[in-house]
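Structural features, examined
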Amino acid sequence: SFDFRGLPIVTALRTFLEAFRLPGEAQMIERLMEDFAAHLFEQAPGDYADKDAIFVFSFSIIMLTTDAHNDQVTKKMTLQDFVRNNRGINGGNNLPESLIAEVYADIQNRPLSLHADAVEVGRD
């Protein structure tokens, strides 16, 4: 069991993802991420309206990692793009821009360790 109390979302996500290898099946990844979101919301709700906000933001963080640290992505996501991609995900409201900017800078400096078996994370 993970103890996420007092941890920012990126630290909690790093702790979670570094504990095992992600399965290649999207359905299984979704289930794991749902469990992560529920667990984090229960222990450290912070600025989040509900577990769905954490779920969506977590996937957005994974997509940002892929975007920022994959050499095949030529048009990199800007902070403004990341803010725009996360509008309205917090129970219909926006997450604090300071939180989004902090997460963006953290991921730009140090990617998540995805340890994935052929997982492809797309970008719209």
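Residues numbered from 1 in each chain as written. Predicted model: local features only at pLDDT ≥ 70, side-chain atom pairs only at ≥ 80, totals over all residues. Heavy atoms only, no water.

The topology assignment puts Ser60 in helix H3 (residues 51–69). Ser60 gets classed as buried once you look at its relative accessible area, which sits at 8%. At 3.1 Å, the side chain of Ser60 forms a polar contact with the side chain of Asn86. Once residues within four sequence positions are removed from consideration, Ser60 is found in contact with Phe82 and Asn86. (Helix = DSSP H or I, 4+ residues; strand = E, 2+ residues; numbered from the N terminus. Buried < 20%, exposed > 50% of the residue type's maximum accessible area, 1.4 Å probe, protein only. Polar contact = N/O pair within 3.5 Å; in protein donor to acceptor, adjacent residues only side chain to side chain. Contact = heavy atoms within 4.5 Å.)

With that settled, consider the confidence of the model for the protein chain. When the pLDDT values of the protein chain are averaged, the result is 91; 92% of them are 70 or greater. In this model, residues 118–124 is a region of pLDDT below 50 whose contacts with residues beyond four sequence positions or in other chains number 12 contacts. (pLDDT = per-residue confidence, 0-100.)

Attention now goes to the pattern of salt bridges. By the definition in use, this model includes five salt bridges. Here Arg31 makes a salt bridge to Asp35, at a shortest N to O gap of 3.6 Å. Of the two residues, Arg31 and Asp35 are both situated in helix H2 (residues 26–43); the distance of four residues between them amounts to about one turn of the helix. (Salt bridge = Lys/Arg side-chain N within 4 Å of Asp/Glu carboxyl O.)

Our focus in this paragraph is H2. Counted at 1.5 Å a residue, the expected span for H2 with its 18 residues is 26 Å, and the 26 Å between its end C-alpha atoms agrees. For H2, the complete set of buried residues consists of Ile29, Met33, Phe36, Ala37 and Leu40. Buried residues of H2, seen end-on, are gathered within an arc of 100° and therefore sit on one face of the element. In H2, the exposed residues that point more than 90 degrees away from the buried face are Gln27, Arg31 and Glu42. (Expected span 1.5 Å × (residues − 1). Arc of directions from axis to C-beta.)

Closest axis-to-axis distance for the H3/helix H5 (residues 97–109) pair is 9 Å, and the angle between their directions is 40°. The angle between H3 and H5 places the two elements in the oblique class. Handedness of the crossing formed by H3 with H5: right-handed. Residues Phe57, Ile61, Leu64, Thr65, Ala68 and His69 of H3 lie in contact with H5, whose contacting residues are Leu99, Ile100, Val103, Tyr104, Ile107 and Gln108. Considered class by class, the residues forming the contact of H3 with H5 number nine nonpolar, three polar and no charged. (Axes fitted to C-alpha atoms, helices over the stretch in contact; angles between N-to-C directions. Parallel < 35°, antiparallel > 145°, perpendicular 65-115°, else oblique. Left-handed = near helix turned anticlockwise from the far one by under 90°. Nonpolar A, V, L, I, M, F, W, Y, C, P; charged D, E, K, R; others polar.)

Here Ser1 shows up in the segment before helix H1 (9–17). On the basis of relative accessible area, Ser1 is assigned to the exposed category, the value being 97%.

To continue, consider the nonpolar core. Membership of the largest hydrophobic core comes to 34 residues, with the highest contact counts inside it found for Ile9, Phe36, Phe57, Ile61, Phe82, Val103 and Leu112. By residue number, the principal contributor to this core is H3, which donates seven residues. Discounting chain neighbours no more than four positions away, the residues touching Val103 are Ile9, Val10, Phe57, Ile61 and Phe82. (Core = buried A, V, L, I, M, F, W, Y, C linked by side-chain atoms within 4.5 Å.)

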